[in-house]
Amino acid sequence: MKTNRPVTVRQEQQHERALCSAILALQTLEECRSFFRDLCTPAELQAMADRWAVVELLERGLPYREIHKQTGVSVTTIGRVARFVTSGNGGYRAVSGRLGSARNSSKSPSP
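Residues numbered from 1 in each chain as written. Predicted model: local features only at pLDDT ≥ 70, side-chain atom pairs only at ≥ 80, totals over all residues. Heavy atoms only, no water.

1. Thoughts on the nonpolar core
Piece 1. Counting 11 residues, the largest nonpolar core is built from Val54, Val55, Leu57, Leu58, Leu62, Ile67, Val73, Ile78, Val81, Ala82 and Val85.
Piece 2. Elements supplying a minimum of two residues to this core: α3 (42-59) and α5 (75-87).
Piece 3. Each residue touching Leu58, except ones within four places of it in the same chain, is listed here: Tyr64, Ile67, Ile78, Val81 and Ala82. (Core = buried A, V, L, I, M, F, W, Y, C linked by side-chain atoms within 4.5 Å. Buried < 20%, exposed > 50% of the residue type's maximum accessible area, 1.4 Å probe, protein only. Helix = DSSP H or I, 4+ residues; strand = E, 2+ residues; numbered from the N terminus. Contact = heavy atoms within 4.5 Å.)

Rendered as structure tokens:
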């Protein structure tokens, strides 16, 4: 986060909303992949992918040390992700719940 920015809090919020709107405009997995590869450095993209992998493993109930062993993500970062899963803004849970519902419905037999 930049500290010497000539941007007001309101402008920062507008920029964040514009970014969220841009993400919502993506229609395919390939569009999403291309957008994030253009937007983020490889390290930033890897950090986000790592955190998402941690969310899935936390939801399966794996201990932090096992998650670290499987992903290479630091125990400190795993703890931070866990804190946001349980008491963050609800984003991890919303997406995870939707993806879990989609996976479960695709596995259920047709009538």
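Having seen the structure, we can now continue with the description.
2. Points about α3
Piece 1. Compared with the 26 Å implied by 1.5 Å per residue over 18 residues, the 26 Å span of α3 between its first and last C-alpha is a close match.
Piece 2. Among all positions of α3, only Val54, Val55, Leu57 and Leu58 are buried.
Piece 3. Within two residues after α3, Gly61 carries a phi angle of roughly 85 degrees, on the positive side. (Expected span 1.5 Å × (residues − 1).)

3. A look at the pattern of salt bridges
Piece 1. Scanning all chains against the criterion turns up 1 salt bridge.
Piece 2. For the salt bridge of Arg33 with Glu30, the shortest nitrogen-to-oxygen distance reads 3.0 Å. With Arg33 and Glu30 both in helix α2 (residues 29-39) and 3 residues apart, this pair spans about one turn of that helix.
Piece 3. We classify Arg33 as partly exposed; its relative accessible area is 35%.
Piece 4. Judged by relative accessible area, which is 46%, Glu30 ranks as partly exposed. (Salt bridge = Lys/Arg side-chain N within 4 Å of Asp/Glu carboxyl O.)

4. Digging into the layout of surface pockets
It is a probe the size of a water molecule, rolled over the atoms, that shows where empty space is left.
Piece 1. As a volume, the largest pocket reaches approximately 1100 Å³.
Piece 2. Along the wall of the largest pocket there are 24 residues; nearest its centre are Met48, Trp52, Gly91, Tyr92 and Val95.
Piece 3. When contributions to the lining of the largest pocket are tallied by element, the ones reaching two or more residues are α2, α3, α5 and α6 (91-107).
Piece 4. Here the lining of the largest pocket is composed, by residue class, of 13 nonpolar, 6 polar and 5 charged.
Piece 5. By volume, the second largest pocket is sized at about 650 Å³. (1 Å grid on protein atoms, 1.4 Å probe; cavity = no way out; pocket = protein on both sides within 12 Å on 5 of 7 lines; lining within 4 Å. Points joined across faces, edges and corners; volume = space filled by probe spheres on them. Nonpolar A, V, L, I, M, F, W, Y, C, P; charged D, E, K, R; others polar.)

5. Details of a nonpolar patch on the surface
Piece 1. Together, Leu19, Ile23 and Leu39 give the surface a local cluster of nonpolar side chains, amounting to about 220 Å² of exposed area.
Piece 2. Tracing the backbone shows Leu39 in helix α2. (Patch = residues over 30% accessible without salt bridge, like charges linked within 9 Å, V, L, I, M, F, W, Y side chains within 5 Å. Areas by Shrake-Rupley, 256 points an atom, 1.4 Å probe, with all protein chains shown as cover.)

6. A word on the side chain of Thr77
Piece 1. Examined against the element boundaries, Thr77 turns out to sit in helix α5.
Piece 2. Note on Thr77: relative accessible area 17%, which makes it buried.
Piece 3. In this structure the side chain of Thr77 is engaged in a polar contact, spanning 3.0 Å, whose partner is the side chain of Ser74. (Polar contact = N/O pair within 3.5 Å; in protein donor to acceptor, adjacent residues only side chain to side chain.)

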